[in-house]
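# Remarks on the overall topology
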Amino acid sequence: MAIDKLLKDDATEEKGERARMASFVGAMAIADLVKTTLGPKGMDKILQSTGRGHSVTVTNDGATILKSLHIDNPAAKVLVGILTVVVTVDGAAWLKVDYNKYDISKVQDDEVGDGTTSVVVLAGELLREAEKLVAAKIHPMTIISGYRMAAECARNALLQKVMDNKEDAEKFKSDLMKIAMTTLSSKILSQDKEHFAKLAVDAVMRLKGSTNLESIQIIKKPGGSLKDSFLDEGFILDKKIGIGQPKRIEDAKILVANTAMDTDKVKIYGARVRVDSMSRVAQIEGAEKDKMREKVQKIIGHGINCFVNRQLIYNFPEELFADAGVLAIEHADFDGIERLALVTGGEIASTFDNPESVKLGHCKLIEEIMIGEDKLIHFSGVEMGQACTIVLRGASFHVLDEAERSLHDALCVLSQTVIDSRVLLGGGWPEMVMAKDVDELARRTPGKKSHAIDAFSRALISIPTTIADNAGLDSAELIAKLRAEHHKEGSHAGIDVISGSVGDMSELGISEAFKVKQAVLLSATEAAEMILRVDEIITCAPRKREDRM
């Protein structure tokens, strides 16, 4: 018996060639979208939201561009896949972004912080080459097998060329500076890359091998120029000190809390209170005040001289704290109090009946400082020695946001390099080294796999080609010269986009972390493999609303 129909009315399915074409086209379109942002001369994109306010983001960060896209094509989603969940906590709705496990650009950004554009461009090129091979009647599984061999060969080629200066502290710091400057050279901070590379290296060196970037705080203050940005040892809280409170506290004992300090007014929700005179209202208010006074006494009883609260502190408790010589800071945001508790070695408290079970934070000095026209609170000599704050200055919020994204990439790469200290040269040199070895493997491999391995080599060369194209150079001429240079033994040749020619990458000081290159290579190969395996796309029918009449 023949089955007429298997799927519901609105469901669609695409099979075989059509499904594969849809997958290839979607993934290649995404790669072409971010391709122009690659390299030191990459262009920026303006992203405008359709929500309220039509907020605008100017960026050339691959991860940010891909996160902002709402994509319909399922294969493109494999390269981007994003799921946004609004989570309500403590009455405040805040946005928690939970990324789909197949989102390779996001994985690259989380794992190593940089190389998001390279991953997507390489994956797109691998699929472009695979499309030609499929058209030539080579089976996708043969292509995947060839790609796997080529990726392993490429990785081994890099491993033979890595440099590791972990033992020599001076050389290692110089490597970190070069990596930071290479990472920042494709960002908005490229004009002041030495200044920002030094900031990033100093901040990461303070972490002493930890990858916890929570202890590095970034504060953005409009005004001045990017060059005025600086690194401050300690922690800065973007709040003002209240009226009548001590402006400077030495040897501070800090209680970080998340508790309601605003109940000195009548607050009985959902209930009616009938009174026969105003004096009764005054009694209720008096009882509320006594309750608040008792709570403040319990807090002061912890032996503290600084109280930081996540929620509001009303005038009456603030007055009581000021009388007791305690500095009370209200409305420190979630991020603020979590980081403050982390760096001062304290814990966030909500109840105050057992002072012995509450862990207080400590720091040597709390004082008020001015940055631009704003007053902020500075905590120095904090318990966690590696804590520091980078204060970014700039002309506008758009510039500051992009500067923060650029600095985040540099900090991630550096913190990973401190653990895995292997370093490679940059500027298209690693891709040419890999392509040369993969080419030789293709010549040695019999059968159809050799076509796939050869295609992998061509896809690798697409990264230096794109860097040259984005700089307005003649990529065909440059890549031909590069290939000739790399046939000489021990060549350090790469693309020097500043002079527009082939240059020596070790002399120019262009370096990249091995971990970034390895992640780019493996993530792109796996993503291309996943899309190549597709032979059918089934779109489910939307759920129909039931008529409840």
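Scroll up for the structure.
Residues numbered from 1 in each chain as written. Predicted model: local features only at pLDDT ≥ 70, side-chain atom pairs only at ≥ 80, totals over all residues. Heavy atoms only, no water.

## A few points about the overall build of the protein chain
- When you go through the protein chain residue by residue, the secondary structure sums to 17 helices and 21 strands.
- Buried positions account for 47% of the 549 residues belonging to the protein chain.
- For the protein chain, the proportion of contacts with a sequence separation of at least 24, taken over those separated by at least 6, is 73%.
- Only carbon and sulfur atoms are counted for the fraction: they give 51% of the accessible area of the protein chain, which is about 27,700 Å². (Helix = DSSP H or I, 4+ residues; strand = E, 2+ residues; numbered from the N terminus. Buried < 20%, exposed > 50% of the residue type's maximum accessible area, 1.4 Å probe, protein only. Contact = heavy atoms within 4.5 Å. Areas by Shrake-Rupley, 256 points an atom, 1.4 Å probe, with all protein chains shown as cover.)

## A short note on helix H8 (residues 193–206)
- If you check H8, its first and last C-alpha atoms are 20 Å apart, about what 14 residues at 1.5 Å a residue would give, namely 20 Å.
- Regarding H8, the residues found buried are Phe196, Ala197, Leu199, Ala200, Val201, Ala203, Val204 and Arg206.
- Buried residues in H8 make contact with helix H7 (169–184), strand S7 (216–222), strand S8 (230–233), strand S16 (388–394) and helix H12 (397–419). (Expected span 1.5 Å × (residues − 1).)

## Focus: the pairing of strand S11 (residues 306–309)
- Where burial is concerned, the two faces of S11 agree: the one with Cys306 and Val308 and the one with Phe307 and Asn309 are both buried.
- Each parallel crossover has a hand, and the one from S11 via helix H10 (residues 315–323) to strand S12 (residues 327–329) is right-handed. (Right-handed = clockwise from strand over helix to strand, strands pointing away.)

## Here we look at the environment of Lys298
- Structurally, Lys298 is set in helix H9 (residues 278–300).
- Taking relative accessible area as the criterion, Lys298 reaches 35% and is therefore assigned partly exposed.
- Taking the C-alpha atoms as reference points, Lys298 and Asn354, separated by 56 residues in sequence, lie 9.1 Å from one another.
- Setting aside residues no more than four positions away along its own chain, Lys298 makes contact with Phe352 and Asp353.

## Comments concerning helix H6 (residues 140–161)
- Under the 1.5 Å per step criterion, the end-to-end length of H6 is 32 Å for 22 residues, consistent within 8% with the ideal 32 Å.
- For H6, the complete set of buried residues consists of Pro140, Ile143, Ile144, Gly146, Tyr147, Ala150, Ala151, Cys153, Ala154, Ala157 and Leu158.
- Looking at the buried side of H6, the elements it contacts are helix H1 (16–35), helix H5 (116–135), strand S17 (422–425), helix H13 (429–444), helix H14 (449–470) and helix H17 (514–532).

What is shown is where atoms sit, not what they do.
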